[in-house]
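# Examining the three-dimensional arrangement
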Amino acid sequence: MAENHASFWRGHRGLKWLAVGLVVLLAALGVAVSVILHRAEPYLRARIVESLESRFHARVELDSFHMSLLHGVLAEGRGLRIWPPAQVEGVTVTPAADKTDPLIRLEQFSFRAPLHFQPGKPFHIVVVQLNGLDVHIPPKSHFHRRSDAPPQSSGVAPLISFALDKIECTSAHFVLETDKPGKLPLDFAIARFTLTGNGGGAIHAGSVMRFEAELTNPRPVGLIHSAGTIGPWQNSDPGETPVQGSYQFDHADLASFKGIAGILSSTGAYQGTLRDLIVDGDTETPDFRLTHFGNTMPLHTHFHAKVDGTNGDTWLEPVDATLGHSHFIAQGQVVRVIAIDPATGQRVSKGHDIALNINIDNARIEDFLHLTSNTSTPLLTGAVVVKAALHIPPGHVPVQRRLTLKGAFNLDQVRFTSAKIQDKITDLSLRGQGHPKDLKSADPETTRSTMQGDFRMAAGVINLPALTYTVPGATIQLKGTYGVEGGALNFAGFAKLNATVSQMVGGVLGVFLKPANRFFKKDGAGTEIPIRISGTRKDPKFAVEFRRGRGKPKDNSAPPAEKP
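In this numbering scheme, every chain counts its residues from 1 along its sequence in written order. Whole-chain, interface and lining totals are the exception, using all residues; otherwise, since this is a predicted model, local features are given only for residues with pLDDT of at least 70 and side-chain atom pairs are given and counted only at 80 or more. No hydrogens and no water enter the side-chain calculation; it runs on all heavy atoms of the structure.

### So, the overall build of the chain
Going along the chain from the N terminus, every DSSP run of H or I of four or more residues is numbered as a helix, and every run of E of two or more is numbered as a strand. Looking only at helices and strands, one finds nine helices and 27 strands in the chain. Across the 564 residues in the chain, those meeting the buried criterion constitute 42%. Every residue pair with non-hydrogen atoms within 4.5 Å of one another is taken to be in contact. Considering only intrachain contacts with a sequence separation of at least 6, the fraction spanning at least 24 residues in the chain is 56%. Accessible surface computed for the chain: about 30,100 Å², of which carbon and sulfur atoms make up 59%. For the exposure calls, accessible area comes from a 1.4 Å probe over protein chains only, and a residue counts as buried if that area is under 20% of its type's maximum, exposed if over 50%, partly exposed in between. In this description, accessible areas are obtained by the Shrake-Rupley approach with a 1.4 Å probe, and a residue is regarded as covered only by the protein chains that are shown.

Here it is, written out as structure tokens:
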């Protein structure tokens with residue numbers, strides 16, 4: 001076989017030299033192309049820098065740029081930096097801004113282009129891949145209008161231009177600074193995102209681009225998927241760049257906020273600019289709870305909000321929420337509170353300050369009591385209407401001790417779940433109507449009452465300065481406190497009954513008590529009795545305080561402790 005092969009080349013010497021010549025030619029071409037590429041790299045690097053400087057009207061630096069021929073032209077670059085625009089369309093940067101970090105940093109980029117090139121037409125690039133993108137947008141005050149005219153283009157078309165279909169990026173970091181004193185910038189990481197031309201076209205300078213992004217939200221921790229459009233990019237102030245899109249927020253753990261817990265999911269849409277967004281969305285938290293108590297309730301919200309993108313501050317306008325079977329509306333704000341760290345002198349976030357006006361218009365009191373109780377059985381049931389102001393400052397203590405809640409409420413069709421309390425209410429109602437003989441046959445479950453008054457909750461204690469409790473045949477006016485955590489009861493006031501003392505007692509004893517009726521009648525009531533409620537929710541104690549007589553309890557203090 002080897003002899004036949006050798007004899008073939010001896011018989012075809014011309015073909016042999018032709019093959020050798022082709023190999024040498026290909027090698028020479030390879031060397032020539034390598035030399036051309038090597039010499040072309042500085043020019044293409046300059047063209048990339050020039051294009052970016054023209055696009056951003058800013059200083060641009062690129063540490064390295066290399067090309068190779070591998071399935072077309074492969075280009076790679078490292079260490080790209082773009083500073084805030086020095087002059088663009090009548091806008092200039094303040095001297096302070098010239099000393100800032102670059103507007104954009106990029107660790108690495110790469111792209112491919114076909115080998116064929118036609119003069120006058122751009123290189124068509126299917127995709128540019130980016131890694132390690134860091135965007136740091138200065139506050140708006142770093143940009144100021146100038147009166148002189150913008151620089152004019154030379155009008156000379158570049159020798160080489162590019163057309164780009166898609167940008168793919170991994171590991172991006174976005175910071176949006178704020179002018180507001182005492183506010184931290186908005187800072188979040190993006191795991192990946194893609195940019196394409198709007199409508200399927202190429203990405204052009206000053207065009208609207210479509211994007212898809214995936215990022216991890218820092219608080220509450222969860223994964224956000226978002227898609228929409230961004231642009232045109234505003235050189236004069238990148239924070240004013242228009243953006244709109246939709247989002248899906250999955251598996252957000254509310255435990256990152258002290259005092260509450262649950263797994264939240266949310267979907268919605270947004271529009272506006274990077275600095276000023278309007279967001280509409282819905283949230284679902286099937287296991288919302290206060291960590292101190294542990295009972296869970298399903299919570300659904302629909303919200304319309306304005307978000308300051310410079311710091312994440314949010315104005316809720318409004319939130320339409322359902323907790324269990326209870327509907328309420330909240331309006332207000334959620335803003336970050338900033339302090340100076342004495343050790344470092346740096347600004348740090350102390351947490352969020354929440355201030356809301358709440359209107360509970362169609363709700364059940366048992367839903368809210370279930371959320372603020374360690375037991376599965378609430379203190380009472382009934383329909384509730386509340387108007388209140390809620391304030392939760394930042395801090396490290398549990399949320400139930402930080403929040404303050406002040407307002408007015410009205411409870412209807414009230415029934416106490418404690419048989420001991422409900423029996424007392426039934427006894428009071430029947431005696432107040434003058435029907436003590438019906439006590440043995442009465443069903444306490446059918447006795448319903450109403451309750452209304454003002455309240456203030458602070459440090460885990462509800463203060464009720466003027467509580468009116470009404471049951472058929474009787475009206476009770478109380479003031480005092482209720483401990484949210486331990487259920488401590490501390491109330492004093494007066495019970496006004498329709499029946500007289502003798503009618504309340506009934507029977508033979510009632511006949512003997514008729515002379516006493518006149519001592520207890522007052523202001524149209526058949527009987528007025530000073531009463532006191534103490535003990536706890538689980539073990540309440542009721543007492544009549546004749547020693548207090550008809551004098552009202554002092555308005556500026558809680559009632560005194562009951563003596564044994």
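### Concerning the environment of asparagine 498
Following the sequence through the fold, asparagine 498 ends up in the loop between β25 (489-497) and α7 (501-505). Note: C-alpha distance between asparagine 498 and threonine 527 (29 residues apart in sequence) is 6.7 Å. Discounting residues that sit within four places of it in the chain, asparagine 498 has contacts with Gly432, Gly473 and Gly526.

### Remarks on a nonpolar patch on the surface
To count toward a patch, a residue needs a relative accessible area above 30% and no salt bridge. Like charges then connect within 9 Å, nonpolar side chains (Val, Leu, Ile, Met, Phe, Trp, Tyr) within 5 Å. The salt bridge definition used is simple: a Lys or Arg side-chain nitrogen within 4 Å of an Asp or Glu carboxyl oxygen. A surface patch of nonpolar side chains, amounting to about 420 Å² of accessible area, comprises Val505, Val508, Leu509 and Phe512. Residue contributions to the nonpolar patch peak at three residues, all from helix α8 (residues 507-512). As for its position among the elements, leucine 509 is in helix α8.

### Structural notes on the packing of aromatic side chains
Each pair of aromatic rings taken from Phe, Tyr and Trp, with Trp reduced to its six-membered ring, is defined by centres within 6.5 Å and is described as stacked if the planes are under 30 degrees apart, edge-to-face if over 60, and tilted in the remaining cases. Per the stated rule, a full pass over the model turns up four aromatic pairs. Positioned above the aromatic ring of tryptophan 83 is the side chain of arginine 59, whose terminal nitrogen or guanidinium carbon lies 3.8 Å from the ring centre. Ring-over charges, as used throughout, are those where CZ of Arg or NZ of Lys falls within 6 Å of the ring centre and within 35 degrees of the ring normal.

### Some remarks on the pairing of strand β24 (residues 474-483)
One face of the sheet, then the other: side chains in a regular strand alternate in exactly this way. Among the ten residues of β24, eight are classified as buried, and the element is accordingly described as predominantly covered. The sheet contact formed by strand β23 (residues 461-471) and β24 spans nine bridges and is antiparallel. The residue bridging valine 461 from the neighbouring strand is glycine 483, located in β24. Hairpin remark: β23 followed by β24, antiparallel, with two residues in the connecting loop; positive phi at glycine 473, about 95°. For two strands to be treated as a pair, DSSP must find no fewer than two bridges joining them. Pairing of β24 with β25 involves nine bridges; the strand directions are antiparallel. Counted as the bridge partner of leucine 478 is glycine 493 from β25.

### Some remarks on helix α6 (residues 419-432)
Helix span is expected to be 1.5 Å times the residue number reduced by one. Across its 14 residues, α6 extends 19 Å between first and last C-alpha, which sits within 8% of the 20 Å expected from 1.5 Å per residue. Every buried residue of α6 is listed here: Ile421, Gln422, Ile425, Thr426, Leu428, Ser429, Leu430 and Gly432. Summarising the contacts, the buried residues of α6 are in contact with β21 (404-416), β23, β24, β25 and β27 (540-544). Following α6 by one or two positions, glycine 434 has its phi on the positive side, about 80°.

### As for unusual backbone geometry
A cis amide bond links glycine 231 with the next residue in sequence, proline 232, at an omega value of 0°. When you line up the elements, proline 232 lands in the loop between β11 (221-230) and β12 (242-253). Here the phi dihedral of histidine 251 falls at roughly 50°; this positive angle occurs in a residue that is not glycine. Tracing the chain through its elements places histidine 251 in strand β12. A positive phi is found at glutamine 413, a non-glycine position, where the angle reads about 55°. The class of glutamine 413 is partly exposed, set by a relative accessible area of 44%.

### Re the pairing of strand β18 (residues 326-340)
Pairing analysis gives eight bridges linking strand β17 (residues 314-323) to β18, with the strands arranged antiparallel. Bridging across to β18, threonine 322 finds its partner in histidine 327. Counting the residues that bridge the hairpin from β17 to β18 gives two residues, and of these glycine 324 lies at a positive phi of roughly 65°.

### Overview of the environment of alanine 172
Relative to the helices and strands, alanine 172 resides in strand β8 (residues 162-176). Through-space distance from the C-alpha of alanine 172 to that of arginine 192 is 6.9 Å; in sequence the pair is 20 residues apart. With residues up to four places along the chain from it excluded, the contact list for alanine 172 reads Leu133, Ala189, Ile190 and Phe193.

### Details of the pattern of salt bridges
In a structure, side chains of opposite charge can pair up when their charged atoms sit close to one another. Taken as a whole and judged by the stated rule, the model has twelve salt bridges. As a salt-bridge pair, arginine 81 and aspartate 63 come within 2.8 Å of each other at their nearest N and O atoms. Placement of the pair is arginine 81 in strand β2 (residues 73-82) and aspartate 63 in strand β1 (residues 60-69), with a sequence separation of 18 residues. One salt-bridge network, in which partners are shared between bridges, spans Arg59, Glu61, Asp63 and Arg81.

### Quick word on the environment of valine 49
Within the element layout of this structure, valine 49 appears in helix α2 (residues 13-56). We classify valine 49 as buried; its relative accessible area is 13%. For the pair valine 49 and isoleucine 82, spaced 33 residues apart in sequence, the C-alpha separation works out to 9.4 Å. When neighbours within four sequence positions are excluded, valine 49 is seen to be in contact with Val60 and Leu62.

### Observations regarding the confidence of the model for the chain
By definition, pLDDT measures how confident the predictor is in each residue, and it falls between 0 and 100. A residue-level look at the chain finds 76% of positions with pLDDT of 70 or above and a mean pLDDT of 78. Contacts for the low-pLDDT stretch residues 145-154, under 50 throughout, to residues beyond four places or in other chains number 14 contacts. Below a pLDDT of 50 lies the segment residues 550-564, which in the model reaches 31 contacts outside its immediate sequence neighbourhood of four places, other chains included.

### Remarks on the side chain of glutamine 422
Mapped onto the secondary structure, glutamine 422 falls in helix α6. Two N or O atoms count as a polar contact when they lie within 3.5 Å, although within protein this holds only if one can serve as hydrogen donor and the other as acceptor, and sequence-adjacent residues are included solely when both atoms are side-chain atoms. A distance of 2.8 Å separates a polar atom in the side chain of glutamine 422 from the backbone nitrogen of phenylalanine 416. Looking at glutamine 422, its side chain comes within polar contact range of the main-chain oxygen of proline 444, at 2.9 Å. Ignoring sequence-local partners within four residues, the contact set of glutamine 422 consists of Arg415, Phe416, Pro444 and Thr447.

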